[in-house]
Amino acid sequence: MEIQPTETQEEELKNSIQVLEIDYSEIRAEKKQEIVSGFLKSHLHRKRIVKNALVVLRLYKTPSRVIRILKMIKEKRNTMAGGENIFKVVSVADQHYCRINIPPWESPLFHPFLLSELNRLEKHNEPTHRLTTAFLAITKKCPLKCEHCFEWDNLNQPEKISTSDIDQMIEKLQSIGTLNISFTGGEPMLRVKELVNAIQKYKHKSAFWILTSGFNFTADNAAALKAAGLTGLIVSIDHHDAYQHDIFRGKEGSFRDALYAVKYSIENEFITVVSTCITRATATREYLDQFMLFAKDLGVGFVQFFEPKAVGHYAMKDVLLAPEQIEILEEVLLTYNNELAYKDFPIIVYHGYYQRRMGCMVSGNRAVYVDTNGDFLSCSFCHQKSGSLLDPDFKESIEKMSITGCVDYGNSY
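Residues numbered from 1 in each chain as written. Predicted model: local features only at pLDDT ≥ 70, side-chain atom pairs only at ≥ 80, totals over all residues. Heavy atoms only, no water.

S.K.: Now, about the environment of Ala134: what can you tell me, with residues and values included?
M.R.: With respect to the helices and strands, the residue Ala134 is situated in strand S4 (residues 131-137). Separated by 47 residues in sequence, Ala134 and Ile181 place their C-alpha atoms 4.9 Å apart. The residues contacting Ala134, other than those within four sequence positions of it, are Leu173, Thr178, Asn180, Ile181, Ser182 and Val368. (Helix = DSSP H or I, 4+ residues; strand = E, 2+ residues; numbered from the N terminus. Contact = heavy atoms within 4.5 Å.)

As structure tokens, then:
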């Protein structure tokens, strides 16, 4: 059993990390993910509205109900966006995404998504899926020692989830209608062969994503995942400066690996997301503007902000952002997503913003998090267990979790 390093050992590790010379021209994709705005975006939006309206009309019949439901959809969408709807979308492989984990309207998965969201607004009689997203932490192994790791206590312990467990968990999630399945860990790319096989086997009922540090996301592995049917890649990059990122991640060369992962992701036409933890040191407008320029230069379609929480490696530490720092993050979200001057920048996804206005979307509500033991947690940051996905009564565990809800944010509507 591997023992986690002491604070002294961690400090020694950070001091040993050197600044690497990186040839950025070699680690840039030749193309960028297309950000669509203006007339084309408006045209796509109108087509989606017509499609939504036809579904609403079929479900709710009367014109008055249809108008009311369409108005509710718009109000809910604008609450999520922080005002008017985001005026740009990301175009990848002829499909258009306004947010990650919401299927593009061209996808066959969009229809069950729409049915389920409509059922939340006003009940109807057609079948709906149970979850939008499930996060599966399939391995305890990881070569990094990240400052904010929420799986820190489980890291590099003996594995609990077998290959057959992975298949069983996916089958259970698909049996209740789960649109997106996201593999995380640990570092899920340490089990890349199993991921390829699972995605190949189950891709027709769910979209599959991988959350990675970039480790082992080689050109060959990217090509294998493309052939299998992977939808998207979320790459963790916690600073635009290579040295600062490597320090945060506790591994020399992790920044280089992350950039290669972004390159291969874009080249294989995966929805490509840079996910970044905003700490007290980086929650400034100057830094966030620099980071968004960096992400735009990389060519990704989305940037995901998340806030540090006092769990895992951050347990018992004073890491929460101050209210004024949260205000800065929210201001950046609204600026880059809604102002014309930033139409060529990636779309920002910021779950903290949504949770404060709409409630928690995990906790068995729209999503579940399954840890490296196969157990349900309220989310990756709320470590209260609620049964196991591997148990026969997993549906009851999800239902119980959704009723209990989130202690901090309540249930989303």
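S.K.: Explain unusual backbone geometry to me, using residue names and the numbers behind them.
M.R.: Cis peptide bonds are those with omega within 30 degrees of zero, and the linkage from Gly185 to Gly186 qualifies with 15°. A positive phi angle, near 70°, is found at Lys61, a position not held by glycine. Residue position: Lys61 is located in the loop between helix H2 (38-60) and helix H3 (63-81). At Asn101, a position not held by glycine, the phi torsion is positive, near 70°.

S.K.: Explain the sheet that holds strand S3 (residues 95-97) to me, and be specific about the residues and the numbers.
M.R.: Taken together, 3 strands build an open sheet; the order of strands is S1-S2-S3 and the sheet is antiparallel. Each edge of the open sheet is held by one strand with a lone partner, namely strand S1 (34-36) and S3. If you compare each strand with its neighbour and ignore which way they point, the axes differ by 35° on average. Relative to strand S2 (residues 89-92), S1 is paired through 3 bridges, and the arrangement is antiparallel. For Ile35, the partnering residue across the bridge sits in S2 and is Val90. Packing against the sheet, H2 makes contact with S1, S2 and S3, and its axis sits at approximately 75° to S1. (Pairing = 2+ DSSP bridges. Axes fitted to C-alpha atoms, helices over the stretch in contact; angles between N-to-C directions.)

S.K.: Any details on helix H8 (residues 242-249)? Residues and values, ideally.
M.R.: In terms of burial, H8 is largely enclosed, as 6 of its 8 residues are buried. Of all the positions in H8, only Ala242, His245, Asp246, Ile247, Phe248 and Arg249 are classed as buried. With a side-chain oxygen lying 3.2 Å from the backbone nitrogen of Tyr243, the N-terminal cap of H8 falls on Asp241. (Buried < 20%, exposed > 50% of the residue type's maximum accessible area, 1.4 Å probe, protein only. Polar contact = N/O pair within 3.5 Å; in protein donor to acceptor, adjacent residues only side chain to side chain.)

S.K.: An account of the layout of surface pockets is requested, with residue identities and associated values reported.
M.R.: When its volume is computed, the second largest pocket comes out at roughly 450 Å³. Elements that contribute at least two residues to the lining of the second largest pocket include exactly S3 and strand S6 (207-212). When residues in the lining of the second largest pocket are grouped by element, the largest group, 3 residues, is from S6. Considering only residue class, the lining of the second largest pocket consists of 14 nonpolar, 9 polar and 3 charged. (1 Å grid on protein atoms, 1.4 Å probe; cavity = no way out; pocket = protein on both sides within 12 Å on 5 of 7 lines; lining within 4 Å. Points joined across faces, edges and corners; volume = space filled by probe spheres on them. Nonpolar A, V, L, I, M, F, W, Y, C, P; charged D, E, K, R; others polar.)

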